[in-house]
Amino acid sequence: MNQKRKTNFYFLIGRYLIFFLFLIYFFFFKKENSLNKKKIELFKKELIKNNLIKTQELKKIKEKEVIIENNVLKLSLSTIGGNIKNLFLKKNPNISIETENFSLLKENSSLFGLEFTNKFGKKIDTYKLEFIPEIKEDIFKYTINMHAQLEPNVSIDYVYVVYKGNNYYIDFFIKSKGLSEYVSTNSFNLEWSQKILNLEKEKTIEKKYTNISFRINSKKNKINFFDKKKSSFKELDNLYWIANKQQFFASILCFKNQLTIDNSKKILIYSENINSDSELKFSELKIPFLLKKEEELNCDYKWYFGPLDYHILKKSKDGFEQIIPFGKGIAKVLNRYFFLNLFELFEKANINYGIIIILMTIVVKLLLSPITYSQYKFNFLMQKKFFLFLNPQILIEFYKKIGINSLLGNMIQIPIFYSLMNFFPTLINLRGKRFLWAKNLSYSDRILNLNFNIPIYGNHISLFNIFNILILFVFTKIRNKFSKTNRIYILFYIMMLFFFNNYPSGIYIYYISSNIINIFFYILFYRFFF
């Protein structure tokens, strides 16, 4: 390999080695779990037993359903337990829901209720109680009061307020009458469990983005995320809201008023990965709270069932939008305030979403063109005067002359690379959108499904991935002026073919467009400036 080709090779390897190191960190690094495994197993056994009993008992009880809907939601409330039994997201082109009845909750996959002991020593679980519905309607909303009579002078009411129009938020209240005299102690358990359903065709990718997150304090804007191990367990002193998040949708429970927690106990949150065709994860929330003497239940909550749309979530003013995995640090800032705004600007033109990504790429490359120019100039001069730059003083003077070096240029582009790695797979606007042969820009294009799985590569062939490698190969050949390609380059392209095969089509389109623009810039700069 001659000196010039060595120089090109080192810069190419240096540029992509950083990306590969980042990918290895991003996909394979896992935090250690410091929780006691025995405690997790005990809690897990108790949950499995309790939920199995609940499911069996609910099947034995005859129930009726109350159907309520607005423009975007259709939900059925069960008269047994007063729970939301089924919840459908209606067809909405703005969030790419492709079917009329898109089930976010299905057949009691979500169970909410109170647990306490009455003065006779009997354990009461509200999910088994019969609730009598009463519906009121005005021009703005539906109010559904689910009333359960425990004794002649003792009752519990679940009140759901479903707003008309395009509203995914549901206000929820729990009220009681005579309960303070009915219970044996003032200690209650509030429980919410949910089986998070598989909603996407690419289950492995959806599972990767399915997680539990929560916020402890209404004043502090910090969001906590569960790790993605098989079993996770948290003990908390307080809780403001909890979100069961999927790739593009979420179920969120927010506590508007301050919870009065039993100081002798902890709030428990548990999550478990599910190996099932229709379910991804199981989550359980258990809150021990106190009812003061002669005080009745007067709880004010809020539900959210809907898409991971940044603007819809931000309307709550509770920080729900932070569950969208835009990345961390500078990547999160770039995605929220640059890429999202840029995307929505082009989206207003009502053009194909693949074209929007290409236009975004052009804007980014134009903004980075001064850096690109400096990189190409650096590479060109290194090829011409490589041996002169073995002198450190000459190299320092050269850096000052061109203003930026190649390594710094690569470092500036890393946050953009990381940002887009998080942006395209989680942007609900791309869900179900087509471009050329790609049926869904949120997932890899599949021109051929394999009947077997190849480690790292996957069980399909992506044509976009192949095109990306070919265009990068052409770009490398142009940079080397069509000199003979070294075997090390071939190995490098094969590695990229394997690592990039499962990326969303949106990312492929960006990098294919980016490399084509790189070729154009390279020819332009070398012909007219160098």
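About the thresholds
Residues numbered from 1 in each chain as written. Predicted model: local features only at pLDDT ≥ 70, side-chain atom pairs only at ≥ 80, totals over all residues. Heavy atoms only, no water. Helix = DSSP H or I, 4+ residues; strand = E, 2+ residues; numbered from the N terminus. Contact = heavy atoms within 4.5 Å. Areas by Shrake-Rupley, 256 points an atom, 1.4 Å probe, with all protein chains shown as cover. Patch = residues over 30% accessible without salt bridge, like charges linked within 9 Å, V, L, I, M, F, W, Y side chains within 5 Å. Salt bridge = Lys/Arg side-chain N within 4 Å of Asp/Glu carboxyl O. pLDDT = per-residue confidence, 0-100. Core = buried A, V, L, I, M, F, W, Y, C linked by side-chain atoms within 4.5 Å. Buried < 20%, exposed > 50% of the residue type's maximum accessible area, 1.4 Å probe, protein only. Pairing = 2+ DSSP bridges. Axes fitted to C-alpha atoms, helices over the stretch in contact; angles between N-to-C directions. Phe/Tyr/Trp six-rings, centres within 6.5 Å; stacked < 30°, edge-to-face > 60°.

## With respect to the overall build of the chain
Within the chain, the secondary structure is distributed over 13 helices and 21 strands. The contacts of the chain with a sequence gap of at least 6 include a subset with a gap of at least 24, amounting to 67%. For the chain, the exposed surface amounts to about 26,200 Å²; the carbon and sulfur share of it is 58%.

## Thoughts on a nonpolar patch on the surface
Taken together, the side chains of L436, W437, I447, L448, F467 and L470 make up a nonpolar region of the molecular surface, amounting to roughly 560 Å² of accessible area. With respect to the helices and strands, the residue F467 is situated in helix α11 (residues 463–479).

## Re the confidence of the model for the chain
Reading predicted coordinates in detail is not appropriate for stretches of low pLDDT. The pLDDT averaged across the chain works out to 77; a share of 75% of its residues lies at or above 70. With pLDDT under 50 throughout, residues 26–35 is counted as low confidence; its partners more than four residues away or in other chains account for 16 contacts.

## As for the nonpolar core
With 131 residues, the main nonpolar core has F112, F116, Y158, Y160, I174, L239 and L285 as its most contacted residues. Counting residues per element, this core draws most heavily on helix α13 (residues 505–528), which supplies 12 residues. Setting aside residues up to four positions removed in sequence, L285 forms contacts with L190, E191, W192, L239, I242, L253, F255, I267, L268 and I269.

## Regarding the environment of E321
Following the sequence through the fold, E321 ends up in the loop between α5 (310–314) and α6 (330–347). Distance in space between the C-alpha atoms of E321 and Y310 is 5.4 Å, their sequence separation being 11 residues. Each residue touching E321, except ones within four places of it in the same chain, is listed here: Y310, L313, K314 and R336.

## Points about the sheet that holds strand β5 (residues 110–117)
Strand pairing in a sheet relies on backbone hydrogen bonds, with the paired strands running either antiparallel or parallel. With respect to topology, 6 strands assemble into an open sheet ordered β6-β5-β11-β18-β17-β14, the strand pairing being antiparallel. Two strands close off the open sheet at either side, each with one partner strand: β6 (123–125) and β14 (231–236). The mean angle between the axes of side-by-side strands here comes to 15 degrees, regardless of whether they run parallel or antiparallel. Across 6 bridges, β5 lies against strand β11 (residues 187–197) in antiparallel orientation. The partner of L114 across the bridge, within β11, is L190.

## Examining the pairing of strand β15 (residues 241–245)
For a regular strand, side-chain orientation follows a simple rule: the groups alternate between the two sheet faces. Counting buried positions over the 5 residues of β15 gives 5, a clear majority of the element. A two-sided burial pattern is seen for β15, the buried positions comprising W241, A243 and K245 on one face and I242 and N244 on the other. In this sheet, β15 lies alongside strand β12 (residues 211–215) in antiparallel orientation, the contact comprising 5 bridges. Among the inter-strand pairings, I212 is bridged to a residue of β15, identified as N244. In the sheet, β15 pairs with strand β16 (residues 249–255) via 5 bridges, with the strands oriented antiparallel. Bridge pairing in β16 links I242 to L253.

## Regarding the packing of aromatic side chains
Within the structure shown, the criterion is met by 30 aromatic pairs. Between the aromatic rings of F112 and F172, the centroid separation amounts to 5.3 Å while the plane-to-plane angle is 85 degrees, which identifies the pairing as edge-to-face. Within this pair, whereas F112 is found in strand β5, its partner F172 is found in strand β10 (residues 169–177), the two being separated by 60 residues in sequence. Like F112, the residue F172 is buried in the burial classification. With a centroid separation of 6.3 Å and an interplanar angle of 35 degrees, the aromatic rings of F464 and Y508 are classed as tilted. Taken together, the positions of F464 in helix α11 and Y508 in helix α13 put the pair 44 residues apart, joining distant regions of the chain. Like F464, the residue Y508 is buried in the burial classification.

## Here we look at the environment of L280
With respect to the secondary-structure elements, L280 resides in strand β18 (residues 279–290). Sequence separation between L280 and K203 is 77 residues, and the spatial gap between their C-alpha atoms is 8.3 Å. Once residues lying within four places of it in the same chain are set aside, the contact partners of L280 are I196, L197, N198, K203, E206, K207, T210, N273 and I274.

## Description of the environment of K177
Here K177 lies in strand β10. With relative accessibility at 54%, the residue K177 sits in the exposed group. Sequence spacing of K177 and V154 is 23 residues, and the spatial spacing of their C-alpha atoms is 5.4 Å. Setting aside residues up to four positions removed in sequence, K177 forms contacts with N153, V154, S155 and E296.

## Structural notes on the pairing of β16
Counting buried residues along β16, 7 of its 7 residues qualify, which places the element largely inside the surrounding structure. On β16, burial covers both faces: F249, S251, L253 and F255 on one face and A250, I252 and C254 on the other are all buried. Between the antiparallel neighbours β15 and β16 lie 3 residues. As paired elements, β16 and strand β19 (residues 298–307) share 7 bridges and run antiparallel to each other. Of the residues in β19, the one forming a bridge with I252 is Y304.

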